[in-house]
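# Coordinate analysis (summary)
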Amino acid sequence: MLNLQSQRFLDRLFFKYNKIMAVSYKDLGLVNTREMFKRAINGGYAIPAFNFNNMEQLQAIIKASSELKSPVILQVSKGARNYANQTLLRYMAQGAVEYAKELGCARPEIVLHLDHGDSFEICKSCVDFGFSSVMIDGSALPYEENIALTKKVVDYAHQFDVSVEGELGVLAGVEDDVVAEVSHYTKPEEVIDFATRTGVDSLAISIGTSHGAYKFKPEQCTRDPKTGKLVPPPLAFDVLDAVMDKLPGFPIVLHGSSSVPQEYVDMINENGGKLPDAVGIPEEQLRKASKSAVCKINIDSDSRLAFTAAVRKVFADKPGEFDPRKFCGPARDEMEKMYKHKIVDVLASDNKLA
Ligand code: G3H
Ligand code: 13P
Ligand code: ZN
């Protein structure tokens, strides 16, 4: 059996032979999540974790976070990694650090994070490719298997000072290839054992958020009598409180936290789209969560909605337009506006750079 150091040496040779260079995130100017999470918990705010797949999303995220002096987590899902190419992603993240400096952040705090890693191999590959943080999502596995897999990732990642997020409890919705019909709240009685035995740096929990733009079925919601719009059930803050009682001061993560802004849903539907009854998490509840040990909040769908709304509007207003800059540009501006709103009004992470 090879120990981890010998394995790492062989991996380096493999990378070299294949003309791929393993790299440390520190050489790319990135940081891990540890210090920023500590400060966020003590300061009563949360770090935005925005997913990206393309240049316009990355530009908008960096512009918003740099101008507002917010630390930021750039999240890459397995699907995004396949879409954008992992080598290109590494250089895009490095470019993001330089761009943030150009925008006036002398010392930007940018994390490159794998979202919903589903195997040891993908987490290891991301560590070797310059990610500063990885999530190993064993939440769909039996408890003991989740512990074993998460611990294996932690043991590898911590050698390189890469932080690791684990997950307990199941969110409804789509997580890459995993589709869960119903959510299962995290069991507070499991969290001490899980955190201790795995050594994870942060824990994603399930308290009623879910992935995508359809977080709740209409029958799970009530209707606002004035507007007729769907009102989702409240998050299970009692479960969050019980988790925080068991693990005081431990970094907690919320996935599935897009609010699905009605203005974007309307803009999409008014311009040829079809998103009936899309519903998200009310921002007041996310604001409340940000003041607790919840120190990372994941937002992806809202960026997709902002992008699509802006693009559909350009196409509807100017059917002759065919220069991608003329519709990707407005999409980028709309995403930047949305990210800034989240940073200032929901997560309160502005002006929090070290
Ligand atoms: O958690 C799911 C994220 O929104 C990523 O979605 O797997 O379609 O890139 P994706
Ligand atoms: P949303 O689908 O609510 O944006 O959630 C994103 C997420 O949790 C990424 O891991
Ligand atoms: Zn997620």
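Up top is the structure.
Not measured: the values here are computed from a predicted model.

In the neighbourhood of ligand 2, 16 residues make up the surrounding shell, with Asp115, Lys215, Ser258, Asp300 and Ser301 lying closest. Note that an oxygen atom of ligand 2 is positioned 3.2 Å from one of the side-chain N or O atoms of His116. Between ligand 2 and Ser257, the relevant distance is 3.2 Å, taken from an oxygen atom to a main-chain nitrogen or oxygen of the residue. Considering ligand 2 on its own, with 310 Å² of exposed area, one finds that the protein chains cover 96% of that surface. Every element with two or more residues in the shell around ligand 2 is listed here: strand S3 (110-117) and strand S12 (294-299). Looking at the shell around ligand 2, its residues break down into one nonpolar, twelve polar and three charged.

Note on the zinc ion (ligand 3): its protein donors are His116 (NE2), His211 (NE2) and His255 (ND1). The metal-donor distances range over 2.0 to 2.1 Å. Mapping the donors of the zinc ion (ligand 3) onto the primary sequence yields the spacing H-x94-H-x43-H. You can see His116 sitting in strand S3 and its partner His211 sitting in the loop between strand S8 (202-205) and strand S9 (222-223), a full 95 residues away along the chain. Of the two residues, His116 and His211, neither departs from the other in class, the shared state being buried.

With that settled, the discussion passes to the pairing of S12. Counting buried positions along S12 gives six out of six residues, so the element sits mostly inside the fold. For strand S1 (residues 47-51) and S12, the ladder comprises four bridges, and the chain directions are parallel. Residue Ala49 lies in a different strand from S12, and its bridge partner there is Asn298. Looking at chain direction, strand S11 (residues 252-254) and S12 are connected through three bridges and run parallel. Following the sheet pairing, Leu254 is matched in S12 by Ile297.

About the criteria used
Residues numbered from 1 in each chain as written. Chains lettered and ligands numbered in written order. Predicted model: local features only at pLDDT ≥ 70, side-chain atom pairs only at ≥ 80, totals over all residues. Heavy atoms only, no water. Near = heavy atom within 4 Å. Polar contact = N/O pair within 3.5 Å; in protein donor to acceptor, adjacent residues only side chain to side chain. Areas by Shrake-Rupley, 256 points an atom, 1.4 Å probe, with all protein chains shown as cover. Helix = DSSP H or I, 4+ residues; strand = E, 2+ residues; numbered from the N terminus. Nonpolar A, V, L, I, M, F, W, Y, C, P; charged D, E, K, R; others polar. Donors = N, O, S within 2.8 Å, 3.2 Å for Na, K, Ca; no water. Buried < 20%, exposed > 50% of the residue type's maximum accessible area, 1.4 Å probe, protein only. Pairing = 2+ DSSP bridges.

That's the geometry; what it means functionally is another story.
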